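Residues per chain, in single letters:
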Amino acid sequence: MMEPTPDASEWFPEEKCKAKKTWLQQTCCRILRRGPVPQHVAFIMDGNRRFARKLSVERAEGHLKGFDKLAETLQWCLDLGITEVTVYAFSIENFKRSKEEVDGLMELAKQKFKRLLEEKELIEKHEVCVRILGDLTMLPVELQQVVAEVVHISRNNTKAVLNVCFAYTARHEIANATKELAEGVQLGLLRPSDISEELLEQCLYTNQSRDPDLLVRTSGEVRLSDFLLWQSSYTVLSFVEVLWPEFSIWHLFSAVLHYQMNHHAVQAEKERSLTERREQVQQSDFQCTMAELGNMCNGIDETNSVQQKVAQYRQDKEARIDRFLTHLNNKRLQFFANLLPAES
């Protein structure tokens, strides 16, 4: 197979974006890069169907234009120094749409991910790691197999990350994380007292990613639509009036500038919250240790004895959590491995 040229690439339109970028846009990009640049940006790509109605074309054409805009936007993000992007590609709620539209979206996704496999030389060149987040068992088996192969061939890349949320909602993600924790307790890997906010976060689909710094939603809607609800507590939100296929580099520049204007205040609040969380964990560890001791801490060495017991409790807890997370990670890796062709 011949290596795709940059101009022929559907996922990496580098040369096309360079040719379209004006001197003013290049200057704005350099200026924005001098400020705090969001390392992780999430997109709710809303408005493909309305765009199709606006142009009096089929819905499938609107979704295709939406994909083209995604590829272009990913290149803009790389140019700005944004190293991780998460996109809301298909909500579990979207299964309620007509069978014709759902089947069309599944076929489009399969075609585009197959195309990405054909462009694997460019995946390696740009060192992009692709992750698929969601309940993949809801997808057609052939699509599951294609996305598993994409995840597999890009798994060791570290320069940039693309997270594609497919068959995803935040509530489903949180419910699934809760089930994983319950299973850990049932298997004896965890104690109920080991469960915390931090551990639940490590059971989410996004456990390999930092929380998004900036979330952009197009189409004028001002809601999150069950997207990254847990992860967005300290995320700067930018709601853009334009439909997704009409999203431009200027809209991205505006969103990044909005992030920079609010960066300091949000970071300060995030740090305060993390400090409170650490204090809560320390208090919980102390209470659990005291419960185990049964209030039998009297005498001159009481303070030292309690401190040693708390330290031992934390060490034992961390060991249990490590075993549980290894079990969880292996289970998820095995799911993808079972979908790969034998030669992989």
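You'll find the structure just up there.
Since the model is a prediction, treat every value here as computed from it, not as a measurement.

Some words on the packing of helix α2 (residues 23-33) against helix α10 (residues 249-293)
Packing of α2 against α10 brings their axes to within 11 Å, and their N-to-C directions diverge by 20°. On the basis of the axis angle, α2 is roughly parallel to α10. You can see that α2 and α10 cross each other, and the crossing is left-handed. Within the contact between the two elements, α2 uses Leu24, Gln25, Cys28, Cys29 and Leu32 and α10 uses Ile249, Trp250, Phe253, Val256, Leu257 and Gln260. Each residue belonging to the contact of α2 with α10 can be placed in one class, and the counts come to 9 nonpolar, 2 polar and no charged.

Structural notes on the side chain of Asp213
On the secondary structure map, Asp213 appears in the loop between α9 (197-201) and β5 (214-217). Looking at Asp213, its side chain comes within polar contact range of the main-chain nitrogen of Gln39, at 2.9 Å. Within polar-contact distance, the side chain of Asp213 engages the side chain of Arg210 at 2.9 Å.

Overview of the nonpolar core
One recurring pattern in soluble globular proteins is that nonpolar side chains are buried together. Judged by nonpolar contacts, the single largest core of 61 residues is most densely connected at Phe43, Phe113, Ile132, Phe166 and Phe247. No other element matches helix α5 (residues 99-118), which puts 7 residues into this core. Excluding its chain neighbours within four sequence positions, the residues that come into contact with Phe166 are Ala89, Phe90, Met106, Ala109, Ile132, Leu133, Gly134, Asp135, Leu136, Leu139 and Leu143.

A look at the pattern of salt bridges
Pairing is possible between side chains of opposite charge, provided their charged atoms come close. Applying the stated criterion across every chain, the model contains 33 salt bridges. In this structure, Arg115 engages Glu10 in a salt bridge whose closest nitrogen and oxygen atoms are separated by 3.8 Å. Placement of the pair is Arg115 in helix α5 and Glu10 in the segment before α1 (14-20), with a sequence separation of 105 residues. In this structure, the salt-bridge partner of Glu84 is Arg131, at a minimum N-O distance of 3.9 Å. Of this pair, Glu84 sits in strand β2 (residues 84-91) while Arg131 sits in strand β3 (residues 128-133), and the two are 47 residues apart along the sequence. One network of salt bridges, with partners in common, ties together Glu10, Lys112, Arg115, Glu118 and Glu119.

Some remarks on the pairing of strand β4 (residues 160-168)
When you tally the buried positions in β4, you get 9 out of 9 residues, the bulk of the element. Here β2 runs beside β4; their pairing, made up of 7 bridges, is parallel. Bridge pairing in β4 links Tyr88 to Cys165. Note that β3 and β4 share 6 bridges and pair parallel. In the sheet register, Cys129 faces β4, and the bridge partner there is Val161.

Concerning α10
Compared with the 66 Å implied by 1.5 Å per residue over 45 residues, the 61 Å span of α10 between its first and last C-alpha is a close match. Approximately 55° is the largest bend angle found in α10, and it occurs at His263.

So, a nonpolar patch on the surface
Together, Trp23, Leu24 and Trp250 line one region of the surface with nonpolar side chains, adding up to about 370 Å² of accessible area. Judged by relative accessible area, Trp250 falls into the partly exposed class, the value being 38%.

Section: the state of the cysteines
All told, the structure shown has 0 disulfides when counted by the stated rule. There is no disulfide at Cys129, and the cysteine sulfur nearest it, in Cys165, is 14 Å away. For Cys129, a relative accessible area of 5% translates into the label buried. In this structure Cys203 is not part of a disulfide, and its nearest cysteine sulfur, from Cys165, lies 17 Å away. Residue classification places Cys203 among the buried positions, given a relative accessible area of 0%.

Definitions and limits used
- Position labels on residues start from 1 in each chain and follow its written sequence.
- Given that this is a predicted model, residues contribute local features only at a pLDDT of at least 70 and side-chain atom pairs are listed and counted only at 80 or more, while totals for whole chains, interfaces and linings are drawn from all residues.
- Only hydrogens and water are removed before side-chain values are computed, so all heavy atoms of the structure are retained for them.
- Here an axis means a line fitted to C-alpha atoms, over the contact stretch when the element is a helix, while the angle between two N-to-C directions is reported on a 0 to 180 degree scale.
- Only DSSP runs of H or I covering at least 4 residues are called helices, and only runs of E covering at least 2 are called strands; the numbering of each starts at the N terminus.
- Working rule for angles: under 35 degrees goes down as roughly parallel, over 145 as roughly antiparallel, 65 to 115 as roughly perpendicular, anything else as oblique.
- For any pair of crossing helices, the crossing counts as left-handed if the nearer helix is rotated counterclockwise from the farther one by less than a right angle, and right-handed if it is rotated clockwise.
- By definition in these notes, contact holds between two residues if any of their heavy atoms fall within 4.5 Å.
- Residues are grouped as follows: Ala, Val, Leu, Ile, Met, Phe, Trp, Tyr, Cys and Pro are nonpolar; Asp, Glu, Lys and Arg are charged; all remaining types, including Gly, are polar.
- Polar contact is defined as a pair of N or O atoms within 3.5 Å, subject to the rule that within protein one atom must be able to donate a hydrogen and the other to accept it, and that residues adjacent in sequence are counted only when both atoms are side-chain atoms.
- As used in this record, nonpolar core signifies buried Ala, Val, Leu, Ile, Met, Phe, Trp, Tyr and Cys residues forming a set joined through side-chain atoms within 4.5 Å.
- For the exposure calls, accessible area comes from a 1.4 Å probe over protein chains only, and a residue counts as buried if that area is under 20% of its type's maximum, exposed if over 50%, partly exposed in between.
- For this analysis, a salt bridge means a side-chain nitrogen from Lys or Arg found within 4 Å of a carboxyl oxygen belonging to Asp or Glu.
- Note: two strands are recorded as paired if DSSP finds a minimum of 2 bridges between them.
- The span one expects for a helix is its residue count, reduced by one, times 1.5 Å.
- The reported bend at a residue is simply the angle between two axes, fitted to the 7 residues ending at it and to the 7 residues beginning with it.
- Residues with no salt bridge and a relative accessible area higher than 30% make up the patches, which join like charges within 9 Å and nonpolar side chains (Val, Leu, Ile, Met, Phe, Trp, Tyr) within 5 Å.
- Methods summary: accessible areas were calculated by the Shrake-Rupley approach with a probe of 1.4 Å, and residue burial reflects only the protein chains presented.
- Cysteine sulfur atoms that pair up within 2.5 Å are treated as a disulfide.

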